[in-house]
Amino acid sequence: MPRPLQRVLTALGLLGVVVALEFGFEILLPDAAWRQLALFAMVNVIAALSLNVINGMAGQFSIGHAGFVGIGAYTGAIIAGNLHQQLGGGDPTFGNSFLVMPLALLAAGLVAALFGLVVGLPSLRLRGDYLAIVTLGFAEIFRLTIATAGAGAADQGTIGRLLAELGGPIGYAGPDDTGVPQYAGPFWIFGAVVLATLIAWRLKFSGWGRALRALREDEIASAAVGVDPTRYKVTSFVISAAGGGVAGSLLASMRDGNPTVQPDQFTFNYSFDAITMVILGGSGSVSGAIVGGVLVTFTVKLIEQLQGLDSILALKAAYPALDLNALRMVLYASILIGLMVLRPGGLFGEREIFVRRRKRPTRPATAPAEPVPATTAPEAAAAHGAPPPGAAIEREIKPTGRELE
């Protein structure tokens, strides 16, 4: 089958799957809590794939990814809420989502990418712990700016009024405070996961991805062979931030989710979870980011579900002072430590699940060389049209007629 036709059939098959999920997701998962968890896991996969570009491929340690996700969430919520009002309000429909979600995702990605450029430019001379501190400071500045903006911010100019409309610590619930319209169903979230995976895959195995990995291994050597560190670092920050913004927009409008975007959703814990997804799956691995996002999300939820067991409830009744939430984080950390001890490079390292290995060309079998008959030097020279070896010497020592005279 020709490769272009195979790609078209694959795209049509994936499109059919996401459309089927849109209309059959409630049948597949009747419990709304599990549907919310599955969609949230897919949003985390997109966040992990975007963070993998800067942390895994480029080797830049950024721990402020929650800031880009939060910027995308607020931007997408504002766009979706205002477009929903212009469409007449009411319940979000699948048809109207094609008018709302593309604009919301595009705006969220562009605004987050702009902030990624702002953060990336002054961070060019930083690496390691210093870069981590700068990105963490950016995320906290964003979160605290919104969380501390109360009613008094409306008297502080245009920016103050905008921050006041975002709801401060209470959160943003749409332009009419009835909640952000939940247009992001399985079609948009699973479709975004497919597109993010394809983009990350193509990026990793392109010349750009190889240049990023070269910078990660040795920046000086990469610059010596023509790789521009400034260009690649800034661009990787922009791409990573744009992906985080798209994930935030989907999170804000996620079906069965929280219709209010709150600043406490984007604390350092969210950045830490995203880093855990990347490192646990394998830094630089696209497959690892996907598996890490799903595994971390469901592991936390599974530990929460274990608190409802009769034995756990009996233990809590016997010891009322026992803090189960603290024990939940201890158990979660213990699982992560165990996995890191057993797999220091992550579950996949930098490998992928599906990699087409190229077959090495086999050398054709050569016939055994025929024995060369032994010949003398004069005969060999005569066979190639050259004078015999002694002719030159003879010419040198043979006297000419003038010398005889």
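Residues numbered from 1 in each chain as written. Predicted model: local features only at pLDDT ≥ 70, side-chain atom pairs only at ≥ 80, totals over all residues. Heavy atoms only, no water.

Trainee: What is the right way to look at the nonpolar core in this model?
Mentor: Within soluble globular proteins, side chains that are nonpolar generally end up buried alongside one another. In terms of nonpolar packing, the biggest core is built from 80 residues, with Tyr74, Ile189, Leu250, Val261 and Phe266 touching the most fellow members. Examining the composition of this core, we find that 14 residues originate from one element, helix α2 (residues 32-57), more than from any other. Apart from residues no more than four positions distant in its own chain, Leu250 is found in contact with Val43, Ile46, Met101, Leu105, Ala184, Trp188, Ile189 and Ala192. (Core = buried A, V, L, I, M, F, W, Y, C linked by side-chain atoms within 4.5 Å. Buried < 20%, exposed > 50% of the residue type's maximum accessible area, 1.4 Å probe, protein only. Helix = DSSP H or I, 4+ residues; strand = E, 2+ residues; numbered from the N terminus. Contact = heavy atoms within 4.5 Å.)

Trainee: Even after reading the chapter, I still don't get the pattern of salt bridges, so can you show me in this structure?
Mentor: Opposite charge on two side chains permits them to pair, given that their charged atoms come into close proximity. Following the criterion strictly, the structure yields six salt bridges and no others. Two residues, Glu22 and Arg255, come together in a salt bridge whose shortest N-O distance is 2.7 Å. With a gap of 233 residues between them, Glu22 in helix α1 (residues 3-28) and Arg255 in the loop between α10 (229-252) and α11 (268-281) connect regions that are remote in the sequence. According to the relative accessible area criterion, Arg255 is partly exposed, its value standing at 24%. Its salt-bridge partner being Arg143, residue Asp264 comes within 3.8 Å of it at the nearest N-O pair. With a gap of 121 residues between them, Asp264 in the loop between α10 and α11 and Arg143 in helix α5 (residues 129-147) connect regions that are remote in the sequence. Exposure remark for Asp264: the relative accessible area of 52% places this residue in the exposed category. The exposure class assigned to Arg143 is buried, which follows from its relative accessible area of 14%. A single salt-bridge network, built from bridges that share partners, covers Glu140, Arg143 and Asp264. (Salt bridge = Lys/Arg side-chain N within 4 Å of Asp/Glu carboxyl O.)

Trainee: Hey, could you run me through the environment of Gly67 in this one?
Mentor: Looking at where Gly67 falls in the secondary structure, it is placed in helix α3 (residues 65-86). With relative accessibility at 0%, the residue Gly67 sits in the buried group. Taking C-alpha positions, Gly67 is 7.0 Å from Phe138, a pair spaced 71 residues apart along the chain. Discounting chain neighbours no more than four positions away, the residues touching Gly67 are Phe138, Ala139 and Phe142.

Trainee: So what exactly am I meant to see when it comes to the packing of aromatic side chains here?
Mentor: Two numbers describe a pair of aromatic rings. These are the distance of the centres and the angle of the planes. Under the criterion given, the structure shown has 13 aromatic pairs. Residues Tyr74 and Phe142 carry aromatic rings whose centres are separated by 6.2 Å and whose planes lie at 80° to one another, so their mutual orientation is edge-to-face. With Tyr74 in helix α3 and Phe142 in helix α5, the pair connects residues that are 68 residues apart, well separated along the chain. Centre to centre, the rings of Trp201 and Phe205 are 5.2 Å apart; their planes meet at 45°, and the pair counts as tilted. (Phe/Tyr/Trp six-rings, centres within 6.5 Å; stacked < 30°, edge-to-face > 60°.)

Trainee: How do you make sense of the side chain of Ser62 when you look at a structure like this?
Mentor: Among the secondary structure elements, Ser62 is positioned in the loop between α2 and α3. Taking relative accessible area as the criterion, Ser62 reaches 2% and is therefore assigned buried. Once residues lying within four places of it in the same chain are set aside, the contact partners of Ser62 are Leu51, Ile54, Asn55, Thr135, Phe237 and Ile275.

Trainee: Can you help me understand a nonpolar patch on the surface in this one?
Mentor: Together, Leu5, Val8, Leu9, Leu12, Leu15, Val19 and Phe23 make up an exposed nonpolar region whose accessible area comes to about 640 Å². Considering the arrangement of structural elements, one finds Val8 in helix α1. Under the relative-accessibility criterion, Val8 is labelled partly exposed at 47%. (Patch = residues over 30% accessible without salt bridge, like charges linked within 9 Å, V, L, I, M, F, W, Y side chains within 5 Å. Areas by Shrake-Rupley, 256 points an atom, 1.4 Å probe, with all protein chains shown as cover.)

Trainee: What's the story with the environment of Gly293 in this structure? I'm lost.
Mentor: Residue position: Gly293 is located in helix α12 (residues 286-306). Given the relative accessible area of 0%, Gly293 is considered buried. Residues Gly293 and Ala47 lie 246 residues apart in sequence; the distance between their C-alpha atoms is 8.3 Å. Ignoring sequence-local partners within four residues, the contact set of Gly293 consists of Asn44, Val45 and Met277.

Trainee: Any chance you could explain the packing of α3 against α10 here in plain terms?
Mentor: What describes two packed helices is the angle between their axes and the distance between those same axes. At their nearest, the axes of α3 and α10 sit 6 Å apart, and the two run at 50° to each other. Accordingly, the angle class assigned to the pair α3 and α10 is oblique. Considering the relative orientation of α3 and α10, their crossing is right-handed. Two secondary-structure elements touch here, α3 through His65, Phe68, Val69, Gly72, Ala73, Gly76 and Ala77 and α10 through Ser240, Ala241, Gly244, Gly245, Gly248, Ser249 and Ala252. (Axes fitted to C-alpha atoms, helices over the stretch in contact; angles between N-to-C directions. Parallel < 35°, antiparallel > 145°, perpendicular 65-115°, else oblique. Left-handed = near helix turned anticlockwise from the far one by under 90°.)

Trainee: What's the story with unusual backbone geometry in this structure? I'm lost.
Mentor: Across the chain, the bulk of peptide bonds are trans and the bulk of non-glycine residues have phi less than zero. Residues other than glycine seldom take positive phi values, yet Asp177 does so here, at roughly 60°. Relative to the helices and strands, Asp177 is located in the loop between α6 (157-165) and α7 (186-204). One non-glycine residue, Asp256, lies in positive phi territory at about 65°. On the basis of relative accessible area, Asp256 is assigned to the partly exposed category, the value being 25%.

Trainee: Honestly, the confidence of the model for the chain in this entry has me stumped. Any pointers?
Mentor: Caution applies to low-pLDDT parts of the model: their predicted coordinates are not meant to be read in detail. Averaged over every residue, the pLDDT of the chain is 81; residues scoring 70 or more account for 81%. Note on residues 391-398: pLDDT under 50 across the span, and zero contacts to partners over four residues away in sequence or across chains. This stretch, residues 400-405, has a pLDDT under 50; its non-local contacts, to residues over four places away or in other chains, come to one contact. (pLDDT = per-residue confidence, 0-100.)

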